[in-house]
Amino acid sequence: MNKPSSLPGDPSELHLRISYDDELWDTPQADTLERWNVAVLHRRRTHDSGQEPVPSGECVIEGCPSCTVEDVAVGSMTFYRVHLDRGRNAYWAMEEESEELFETAQVLLDPATGSFTSEVSELLEYVGSALLVMDRVTLDPAWRGQGLAAVLGCEVIHRLMVGCRAVACSPGVTDLSSQRLMDRSEWDRVSAKIARGWESLGFSLYRDNVYPLSPASQDLEEQRGLLRGRLAELGVSWRAAAS
C-alpha cells in the first residue's frame, strides 16, 4: 500500500454525489432496472493570487475573497437496483441491459421466474426483494493504492441497499489502460487484490466470479465503521505530511 502522502490531496475532502436519472419511460424494462450513477468528488480550496493558484491552506487571511472551492471528479461508480417483483422478468431485463449484468443474472436468478434461485435464496435472509448490483467502480490512478474504493463503495451500498435482499459484485480490473497489466501475473495479482478489498466488506465468492452479500450481514456494518476510521486516519497522515 502506498503512503498517504502520495495521494494528490486530502482524502478527508472526498465526497460522493449519488444520482438517478428518471427518463419517465413507462416500460417494464424501466420499472425493473434502475441505474444509479455515483461521482467521486474531491473538494479543493485554492487561493488565486493573480498568478498560479495555490492550496488555500497557505492563505493566512480569514474569509479571503480570493479563496475558491471547487469539486473535482476523481472517480465514478455505477450501481443497478434490480426489482425482482415488478416490471418484466429481471433475468431477461439484465440480459438486455449489458453482458456484465447478464453474467450476474445467470448465476443468481432463475430464468423462468426472474427471482433468486432456490439455492441462492437459502443463502440470503429475507430483508427485501430487490437485487443491488455494484457494476463498476473506478478511481483515477493517483487515488489508488489506499483502499479508498472499498471505503467509498461501502458508503454507496449503505445508501442504496434499502429494500434489497442481496448485493452482488464481480471484482475485476475495469481500467485497461495500464501497460503493466499486459503481463498475466500482474493482472492476476491486481485482480486478487481487488477481490480481497470487496471480501473485506463481507462479499464472498459464490460461483463464476459473482460475489453476493446479504444486506443483513453484520460484517458490512462493522466494516463501515472501520473504513470510516481508516479514512480519517489517512486524512490525518496526509495533512501531517503536507504541513
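Everything discussed here concerns the structure shown above.
Described below are features of the structure shown in this document. Quantities reported herein were computed from a predicted structural model and do not represent experimental measurements.

**Notes on the packing of helix α5 (residues 148-160) against helix α7 (residues 218-242)**
Part 1 of the reasoning: Between α5 and α7, whose axes approach to 9 Å, the crossing angle comes to 135 degrees. On the basis of the axis angle, α5 is oblique to α7. By crossing handedness, the relation of α5 to α7 is classed as left-handed. On the side of α5, the interface is formed by Leu 148, Ala 150, Val 151, Cys 154, Glu 155, Ile 157, His 158 and Arg 159, while α7 contributes Leu 220, Glu 221, Arg 224, Leu 227, Arg 228, Leu 231 and Leu 234.
Part 2 of the reasoning: When grouped by side-chain class, the residues that make up the contact of α5 with α7 number nine nonpolar, one polar and five charged.

**Concerning the packing of aromatic side chains**
Part 1 of the reasoning: For the structure shown, the criterion picks out four aromatic pairs.
Part 2 of the reasoning: The interplanar angle of 75 degrees and the centroid separation of 4.7 Å between the aromatic rings of Tyr 91 and Trp 92 together place this pair among those described as edge-to-face.
Part 3 of the reasoning: Here the aromatic residues Tyr 91, Trp 92 and Phe 102 are joined through ring pairs into a cluster of three or more.

**Thoughts on the pattern of salt bridges**
Part 1 of the reasoning: All chains considered together, the criterion is met by nine salt bridges.
Part 2 of the reasoning: The shortest N-O distance in the salt bridge between Asp 71 and Arg 43 comes to 3.1 Å. With a gap of 28 residues between them, Asp 71 in strand β4 (residues 67-82) and Arg 43 in strand β2 (residues 33-47) connect regions that are remote in the sequence.
Part 3 of the reasoning: By relative accessible area, Asp 71 is classed as partly exposed at 32%.
Part 4 of the reasoning: Since its relative accessible area comes to 31%, Arg 43 is described here as partly exposed.
Part 5 of the reasoning: Measuring nitrogen to oxygen at the nearest pair gives 3.8 Å for the salt bridge that ties Arg 207 to Asp 208.
Part 6 of the reasoning: Accessibility expressed as a relative area gives 35% for Arg 207, which makes it partly exposed.

**Points about the environment of Leu 132**
Part 1 of the reasoning: Relative to the helices and strands, Leu 132 is located in strand β5 (residues 130-139).
Part 2 of the reasoning: Sequence separation between Leu 132 and Arg 165 is 33 residues; the distance between their C-alpha atoms is 8.2 Å.
Part 3 of the reasoning: Beyond its immediate stretch of four places on either side in the chain, Leu 132 contacts Phe 79, Tyr 80, Arg 81, Ile 157, Leu 160, Met 161, Cys 164, Ala 166, Val 167 and Ala 168.

**Thoughts on the nonpolar core**
Part 1 of the reasoning: Counting residues in each nonpolar core, the largest one holds 36 residues, and the members touching the most others are Met 77, Phe 79, Leu 148, Ile 157, Leu 201 and Phe 203.
Part 2 of the reasoning: Of all the elements in the fold, those that place two or more residues in this core are β2, β4, β5, α5, β6 (164-169), α6 (184-199), β7 (211-213) and α7.
Part 3 of the reasoning: In terms of residue count, α5 provides more of this core than any other element does, seven residues in total.
Part 4 of the reasoning: What Met 77 contacts, discounting residues up to four positions off in sequence, is Leu 16, Trp 36, Asn 37, Val 38, Val 40, Arg 136, Val 137, Leu 152, Gly 153 and Val 156.
Part 5 of the reasoning: Grouped together as the second largest cluster of nonpolar side chains are 22 residues, Ala 90, Leu 109, Val 120 and Leu 124 included.

**Examining α6**
Part 1 of the reasoning: With 16 residues, α6 ought to run about 22 Å at 1.5 Å a step, and its terminal C-alpha atoms sit 22 Å apart, in line with that.
Part 2 of the reasoning: Regarding α6, the residues found buried are Glu 186, Val 190, Ser 191, Ala 195 and Trp 198.
Part 3 of the reasoning: Those residues of α6 that are buried are in contact with β5, α5, β6 and β7.

**A word on the environment of Gly 147**
Part 1 of the reasoning: Within the fold, Gly 147 resides in the loop between β5 and α5.
Part 2 of the reasoning: Taking relative accessible area as the criterion, Gly 147 reaches 37% and is therefore assigned partly exposed.
Part 3 of the reasoning: Taking the C-alpha atoms as reference, Gly 147 lies 9.0 Å from Arg 230; in sequence the two are 83 residues apart.

About the criteria used
- For every chain, the first residue of the written sequence is number 1, and numbering continues from 1 onward in sequence order.
- Only residues with pLDDT of at least 70 are given local features in this predicted model, and only at 80 or more are side-chain atom pairs given and counted; all residues enter the totals for whole chains, interfaces and linings.
- By convention in this description, side-chain values take in all heavy atoms of the structure and omit both hydrogens and water.
- Whenever a helix is involved, its axis is fitted only over the stretch in contact; in every case the axis is a line through C-alpha atoms, and angles between N-to-C directions fall within 0 to 180 degrees.
- Per the convention used, a helix needs a DSSP run of H or I reaching at least four residues, while a strand needs a run of E reaching at least two, with both numbered from the N terminus.
- What sets the label is the angle itself: under 35 degrees gives roughly parallel, over 145 gives roughly antiparallel, 65 to 115 gives roughly perpendicular, and the rest give oblique.
- The crossing is said to be left-handed when, going from far helix to near helix, the turn is anticlockwise and less than a right angle, and right-handed when the turn is clockwise.
- Throughout, a contact is declared for two residues whenever any of their heavy atoms are within 4.5 Å.
- Amino acids outside the nonpolar list (Ala, Val, Leu, Ile, Met, Phe, Trp, Tyr, Cys, Pro) and the charged list (Asp, Glu, Lys, Arg) are all regarded as polar, and Gly is one of them.
- For Phe, Tyr and Trp, rings pair up if their centres lie within 6.5 Å, where Trp contributes its six-membered ring, and each pair is then called stacked (planes under 30 degrees apart), edge-to-face (over 60) or tilted (otherwise).
- One speaks of a salt bridge when a side-chain nitrogen belonging to Lys or Arg is within 4 Å of a carboxyl oxygen belonging to Asp or Glu.
- Each residue's exposure class comes from its accessible area (1.4 Å probe, protein chains only) as a fraction of the maximum for that residue type: buried when under 20%, exposed when over 50%, partly exposed otherwise.
- Among the buried residues, those of types Ala, Val, Leu, Ile, Met, Phe, Trp, Tyr and Cys that are joined through side-chain atoms within 4.5 Å form a nonpolar core.
- Multiplying 1.5 Å by the residue count of a helix minus one yields the expected span of that helix.

Purely spatial values, then, with no claim about function.
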